[in-house]
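Breakdown of the fold
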Amino acid sequence: MCCFFTAVERGADGARVLNKEKKPYTNAEGEVIEEDRYGTSQPLRFGEDDYNIQALNNLPYHRLHAGHVDLLKKDGLAKVHFCVAKLHALPVEALLDDFTAAKAAFPGKPLITCILEALLLSRKGLQMDPVQFMPQLLGRLEDNETTAEFKQRLREYSSKVWFEPDVNILVRPGGQLLHGIHVHTSEIYMMTITSCGHYVITVCGSLEEIKIWNIKVDPHGCYAM
């Protein structure tokens, strides 16, 4: 038995096929007519933890290759529910790949670039908890005309519990690198800076070390505890 499949966009209502083939049918008057094929709507998930991997992967791919940038943003990359669902279902790299490809295909769309740059800075947190998508991007995206509508949608997301800090403490894209500490031999589990801006405290769990760095005097000199 042979099965033939038509390349149909399955991620949104009324989406047209990408191969531009027409589907012939016979109307009530007996006339044979060809019309565009349409795909049926598919949910992003079927249950609480059962995600529609096909829709999450195919929707941005087909929108991008069809050149539908506005629909790509509306149904996918600028839709908070889509991004959070994809982060739950797949590694964060899958969402980053979508944004990287969209940036290359549509270089004149600043929102895609802004979200991609914020995601790259948020990668570690998103690997641990996909719900960090909202507070991470709210803290890293600049407040301007390009991001205003998207940030409002982030604040309106209510499917999961999350918190937005009232003070911005996250590094934003394009920020200046002031200090670099490269002497730890294993992963740093926690880091903070004192309110005076003179000391950085790092916690290295695998070595059971806490170090205090005086970054104003010598960023390479520290006190070990």
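Residues numbered from 1 in each chain as written. Predicted model: local features only at pLDDT ≥ 70, side-chain atom pairs only at ≥ 80, totals over all residues. Heavy atoms only, no water.

Further remarks concern the overall build of the protein. Each helix and strand counted, the protein has 7 helices and 6 strands in total. Reading the protein from its N terminus to its C terminus gives the helix and strand order β-β-α-α-α-α-α-α-α-β-β-β-β. A burial count over the protein gives 34% of its 225 residues as buried. Taking the intrachain contacts of the protein between residues at least 6 apart in sequence as the baseline, contacts between residues at least 24 apart amount to 44%. Surface exposure of the protein reaches about 14200 Å², of which carbon and sulfur atoms provide 54%. (Helix = DSSP H or I, 4+ residues; strand = E, 2+ residues; numbered from the N terminus. Buried < 20%, exposed > 50% of the residue type's maximum accessible area, 1.4 Å probe, protein only. Contact = heavy atoms within 4.5 Å. Areas by Shrake-Rupley, 256 points an atom, 1.4 Å probe, with all protein chains shown as cover.)

Attention now moves to the pairing of strand β3 (residues 190–193). With 4 bridges connecting them, β3 and strand β4 (residues 199–204) associate as antiparallel partners. Paired with I193 across the bridge in β4 is V200. (Pairing = 2+ DSSP bridges.)

Okay, helix α7 (residues 148–156) next. Buried within α7 we find F150, K151 and L154. Angular distribution of buried residues about the axis of α7 spans 100°; they occupy a single face of the element. Within α7, the exposed residues directed more than 90 degrees away from the buried face are E149 and E156. Looking at the buried positions of α7, the neighbouring elements they touch are α2 (69–77), α3 (80–89), α5 (110–128) and α6 (133–140). (Arc of directions from axis to C-beta.)

A few words on the packing of helix α4 (residues 92–105) against α5. Interaxial distance between α4 and α5 falls to 10 Å at its minimum, and their mutual angle equals 165°. It follows that α4 is roughly antiparallel to α5 by the angle criterion. Crossing handedness for the pair α4 and α5: left-handed. In this structure, α4 contributes V92, E93, L95, L96, F99, T100, A102 and K103 to the contact, and α5 contributes I112, T113, I115, L116, L119, L120, R123, L126 and Q127. Along the lines of polarity and charge, the residues of the contact of α4 with α5 split into 11 nonpolar, 3 polar and 3 charged. (Axes fitted to C-alpha atoms, helices over the stretch in contact; angles between N-to-C directions. Parallel < 35°, antiparallel > 145°, perpendicular 65-115°, else oblique. Left-handed = near helix turned anticlockwise from the far one by under 90°. Nonpolar A, V, L, I, M, F, W, Y, C, P; charged D, E, K, R; others polar.)

Turning our eyes to something else, we now look at the environment of C83. Mapped onto the secondary structure, C83 falls in helix α3. Overall, C83 belongs to the buried group, its relative accessible area being 0%. Considering only alpha carbons, one finds C83 and F133, 50 residues apart in sequence, at a separation of 8.1 Å.

Moving on to the confidence of the model for the protein. When pLDDT is averaged along the protein, the result is 81; 78% of the residues meet or exceed 70. Averaged pLDDT values for the elements of the protein fall to 51 in strand β6 (residues 222–224) and rise to 96 in α3. (pLDDT = per-residue confidence, 0-100.)

With that settled, the discussion passes to the pairing of β4. Across the two faces of β4 the burial differs, with V200, T202 and C204 buried and Y199, I201 and V203 not buried at all. With 6 bridges connecting them, β4 and strand β5 (residues 209–214) associate as antiparallel partners. In the sheet register, V203 faces β5, and the bridge partner there is I210.

Let's shift gears to the nonpolar core. Grouped together as the largest cluster of nonpolar side chains are 37 residues, with contacts concentrated most on F99, L119, F133, M134, L137 and F150. It is α5 that provides the largest number of residues to this core, a total of 7 residues. Setting aside anything within four residues of it in sequence, one finds L119 in contact with L95, L96, F99, L126, F133 and L137. (Core = buried A, V, L, I, M, F, W, Y, C linked by side-chain atoms within 4.5 Å.)

A few words now on the pattern of salt bridges. Summed over all chains, the structure comprises 10 salt bridges. Between K86 and D98 there is a salt bridge, and its shortest N-O distance comes to 2.5 Å. Taken together, the residues K86 in helix α3 and D98 in helix α4 connect sequence positions 12 residues apart. Neither residue differs from the other here; K86 and D98 are each classed as buried. Of the charged contacts, one joins K211 and E209 as a salt bridge, the two residues approaching to 3.7 Å between their closest N and O atoms. You can call K211 buried: its relative accessible area is 13%. (Salt bridge = Lys/Arg side-chain N within 4 Å of Asp/Glu carboxyl O.)

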